[in-house]
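# Fold and geometry: a report
Residue-level listing of the chains:
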Amino acid sequence: MQVDTFGAYVRTELEHWGREYALHRDCDYLGHQSKNVLQVLIEHKGDMPGRAQGYKPLESDSRAQLIEDIVSSIAGDNVAMACALRAYHCGMGRRKIERFETAILLMANCGHRPVSNRQYLSLVELGFQRVRGRLEGWALAA
């Protein structure tokens, strides 16, 4: 019996993405925040400083951004799958109950009909396989 180490790696990356892009966190706290824009404006008396003075845009973790880009590209093809992945990994609560409800809300906001719990878990697994395929392709290309 062989151990699926790449599958474990993909799950770890998805968990890291879920912590970094958690739905219950405010967008201001995504990634690394150097300074608040309002704070910079107050310090410079209402004028936005040039880049040489140290204004730094909001950054995010590159590992999490890679998964975010993959999930965003999945959303271009299958919005329900991307919503299920986002709710499963970025949501709060139990994965089959509260996160399922979050997935239903995300799908409704995108104009999709609600799915059953079994379909939700199937979409999550299929989404995992698509993320894994993209990561495997990039690993082989490197």
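It should be noted that the structure appears before, not after, this text.
Residues numbered from 1 in each chain as written. Predicted model: local features only at pLDDT ≥ 70, side-chain atom pairs only at ≥ 80, totals over all residues. Heavy atoms only, no water.

## Re the overall build of the protein chain
For clarity, the cut-off: For helices the rule is a DSSP run of H or I covering at least 4 residues; for strands it is a run of E covering at least 2, with both sets numbered from the N terminus onward. By the convention used here, residues are in contact when the closest approach between their heavy atoms is within 4.5 Å. Each accessible area is a Shrake-Rupley estimate made with a 1.4 Å probe; only the visible protein chains count as cover when residues are assessed.
In terms of regular secondary structure, the protein chain is built from six helices and zero strands. Partitioning the intrachain contacts of the protein chain with sequence separation of at least 6 by distance along the chain shows that 64% fall at a separation of at least 24. Carbon and sulfur atoms provide 55% of the accessible area of the protein chain, an area that totals close to 9,100 Å².

## Some details on the environment of Leu123
Basically, it comes down to this: When a residue's accessible area, from a 1.4 Å probe over protein chains only, is under 20% of the maximum for its type it is buried; when over 50% it is exposed; and in between it is partly exposed.
Along the chain, Leu123 turns up in helix H6 (residues 117-141). Residue Leu123 is classed as buried on the basis of its relative accessible area of 14%. Distance from Leu123 to Cys83, taken between C-alpha atoms, is 9.1 Å for residues 40 residues apart in sequence. In contact with Leu123, other than residues within four places in its own chain, are Ala80, Met81, Ala84 and Met107.

## Some thoughts on the pattern of salt bridges
Applicable threshold: One speaks of a salt bridge when a side-chain nitrogen belonging to Lys or Arg is within 4 Å of a carboxyl oxygen belonging to Asp or Glu.
All chains considered together, the criterion is met by six salt bridges. With a shortest N-O distance of 3.1 Å, Asp77 and Arg130 are connected by a salt bridge. Here Arg130 lies in helix H6 and Asp77 lies in helix H3 (residues 62-77), a separation of 53 residues in the sequence. When its relative accessible area of 57% is taken as the criterion, Asp77 is described as exposed. Given the relative accessible area of 27%, Arg130 is considered partly exposed. One salt bridge in this structure joins Glu136 and Arg132, with 3.0 Å as the shortest N-O distance. Linking Glu136 with Arg132, this pair stays in helix H6, spanning four residues, or about one helical turn. On the accessibility criterion, Arg132 (15% relative accessible area) is buried. Where salt bridges share partners, they join Asp4, Arg132 and Glu136 into one cluster.

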